[in-house]
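# A look at the structure
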Amino acid sequence: MRITKHEHAALRVDDHGQTLLIDPGSFTLPLDGLAHLVGVVITHEHADHWTPEHLDRILRDAPGTPIFAPSGVARAAAGYEITVVAPGDTVAVGDFTLRFFGGVHAEIHSSLPLVDNVGVLVDDELYYPGDSYAVPERVTVGTLAAPLGAPWLKIGEAMDYVLAVKPRRAFGTHDMTLSVIGSTMHRARLQWAAEQNGGEFFTLAPGDSIEV
């Protein structure tokens, strides 16, 4: 499996000769090379995780690609065909197996409504929690895409999250709200957390990939 980090929260997973996209949003540059795309996962409705422009471009290049997302996205993206998923669901898309966890976006502030959010586990290897600290129960996570910075994120809580998941490998994502200095500092904190349980932390810039 090859995992490519794009800007902010967007991830591309290539395996089985197929491609899966996760969370192409407003901070992410247009994506190409989608000839083998079999599915798109959107973890929640916020624009930094999906936009109509990205979906239109993706569906133009790969017509009929199924989109999997929680009910909040289905409401926000009315007009697109969305397969609604919820925590506890398992879905096969192409040769990928997707398992969903969590259910609620981390609180930004008490004045703002909570929205649906799902974490996704791809082929029992890559786990991305979306905008949450949802820990997948009874799962050994091989590779964790760990959020680095967000209005809802406190670095100590993010460190505790990595400590709780105990991944064998981790890298930072959800990082476009941070400066270069802030990203470097936060990566160092999450690297420490990953190493406490024998894990390895990878620093990935947009376009960088790891093979797992």
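We now turn to the structure provided with this report. Everything numeric in this text was worked out from a predicted model, so none of it was measured.

So, on to the overall build of the protein chain. Scanning the protein chain from terminus to terminus reveals four helices and 14 strands. For 212 residues, the compact-globule estimate of 2.2 N^0.38 gives 17 Å, and the protein chain sits close to it at 16 Å. In terms of its C-alpha atoms, the protein chain occupies a principal-axis envelope of roughly 45 × 45 × 35 Å. When burial is assessed residue by residue, the protein chain has 53% of its 212 residues classed as buried. By element, 51% of the accessible surface of the protein chain is carried by carbon and sulfur atoms, the whole surface being about 9,200 Å².

So, on to the nonpolar core. Leu98, Phe100 and Val122 are the most contacted members of the largest nonpolar core, which has 25 residues in total. Looking at this core, the elements with two or more residues in it are β2 (11-15), β3 (18-22), β4 (37-41), β7 (90-93), β8 (96-104), β9 (116-122) and β10 (126-128). In contact with Phe100, other than residues within four places in its own chain, are Val41, Phe68, Val85, Ala86, Pro87, Gly88, Asp89, Val91, Val118, Gly119 and Val120. Counting 23 residues, the second-largest nonpolar core is a separate cluster that includes Leu121, Leu144, Trp152 and Ala158.

Turning our eyes to something else, we now look at the sheet that holds β2. The strand order β6-β5-β4-β3-β2-β1-β14 describes an open sheet built from seven strands, whose pairing is mixed. Each end of this open sheet is capped by a strand with a single partner; those strands are β6 (82-84) and β14 (209-211). If you compare each strand with its neighbour and ignore which way they point, the axes differ by 20° on average. Of the pairings in the sheet, the one linking β4 to strand β5 (residues 67-69) comprises two bridges and is parallel in character. What sits directly across from Val41, in β5, is Phe68.

Considering the arrangement of structural elements, one finds Gly142 in the loop between β10 and β11 (143-147). For Gly142, a relative accessible area of 0% gives the class buried. Residues Gly142 and Lys166, spaced 24 residues apart in sequence, show a C-alpha to C-alpha distance of 8.8 Å. Excluding its chain neighbours within four sequence positions, the residues that come into contact with Gly142 are Glu125, Pro167, Arg168 and Arg169.

How each quantity is defined
Residues numbered from 1 in each chain as written. Predicted model: local features only at pLDDT ≥ 70, side-chain atom pairs only at ≥ 80, totals over all residues. Heavy atoms only, no water. Helix = DSSP H or I, 4+ residues; strand = E, 2+ residues; numbered from the N terminus. Rg over C-alpha atoms; globule rule 2.2 N^0.38 Å. Buried < 20%, exposed > 50% of the residue type's maximum accessible area, 1.4 Å probe, protein only. Areas by Shrake-Rupley, 256 points an atom, 1.4 Å probe, with all protein chains shown as cover. Core = buried A, V, L, I, M, F, W, Y, C linked by side-chain atoms within 4.5 Å. Contact = heavy atoms within 4.5 Å. Pairing = 2+ DSSP bridges. Axes fitted to C-alpha atoms, helices over the stretch in contact; angles between N-to-C directions.

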